[in-house]
Amino acid sequence: MTTVDGAAAFLRGRWRVERGIVDHRAGVSGEFLGTAVFGADLGYHEEGELRFGGHRGPASRSLKYVDLGGWVLDVTFADGRDFYRLDLSDGGWTAEHPCRADRYVVDGRITGPDGFTEHWHATGPEKDYELTTRYSRLLPAPKLSELRLES
C-alpha cells in the first residue's frame, strides 16, 4: 500500500485532481481539472475548471475528514453533515451515501504512495451519473538548500 502510518498522513498535502464526468441520462460528459489540499486539520478544498456540456468555468468544493485512527476517517460536508466513512485499511474502499431518493456509491483504491482513485456512481429518480477521479500528489518544491547548483 504505502509506507506512511495511517490515512491522515497519507492524505495530507497537495494533489492534482483529474475527474471525468458522465451523465448517462442527459448524454453529456465533461471533466474537472484542478488541485486539492488536505490541510493539517484534514480540511479538504479543491478548485479548478469544470468543463461539462456547454459550460466552462471555475468550480470548487470543500469537505472535512475526521481522523478515527489508523486507516479510517469519517468524511463530512463542509457544514458538518455526515457524508460517508472512508476505511483505507486494505488499500481500497467502498462506501454509500443515501440522500433522499438518491444513492451515491464510491469505490476507491490507493494506487501507490502518491496516488489514489475514486469512482462515484449516483443514481436516483432523476439522476444517473458517474465521476471517476485520479489524485496525484504534488510534491513540494525542493528547498533552496537542497539544490545542487553546478557552476
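From a predicted model like this one, the values you see are computed outputs, not experimental measurements. (Residues numbered from 1 in each chain as written. Predicted model: local features only at pLDDT ≥ 70, side-chain atom pairs only at ≥ 80, totals over all residues. Heavy atoms only, no water.)

**Q** What is the right way to look at the pairing of strand S7 (residues 92-99) in this model?
**A** Successive side chains on a regular strand alternate, one facing one side of the sheet and the next facing the other. Bridging between S7 and strand S8 (residues 102-112) involves eight bridges; their strand directions are antiparallel. The residue of S8 that forms the bridge with Cys99 is Asp102. Turn length for the S7-S8 hairpin, with the two strands adjacent in sequence and antiparallel, is two residues, and the turn residue Arg100 shows positive phi of about 55°. (Pairing = 2+ DSSP bridges. Helix = DSSP H or I, 4+ residues; strand = E, 2+ residues; numbered from the N terminus.)

**Q** When you look at empty space enclosed by the protein in this model, what are you seeing that I'm missing?
**A** Think of a ball as big as a water molecule: rolled over the atoms, this probe shows where empty space is left. Tallied over the entire structure, the rule returns one cavity of 30 Å³ or more. In this structure, the largest cavity encloses a volume near 80 Å³. Leu11, Phe38, Tyr65, Phe116 and Glu118 are, among the 14 residues lining the largest cavity, the residues nearest its centre. Elements that contribute at least two residues to the lining of the largest cavity include exactly helix H1 (7-11), strand S4 (55-67), strand S6 (82-87) and strand S9 (115-124). Per-class residue counts for the lining of the largest cavity are 12 nonpolar, no polar and two charged. (1 Å grid on protein atoms, 1.4 Å probe; cavity = no way out; pocket = protein on both sides within 12 Å on 5 of 7 lines; lining within 4 Å. Points joined across faces, edges and corners; volume = space filled by probe spheres on them. Nonpolar A, V, L, I, M, F, W, Y, C, P; charged D, E, K, R; others polar.)

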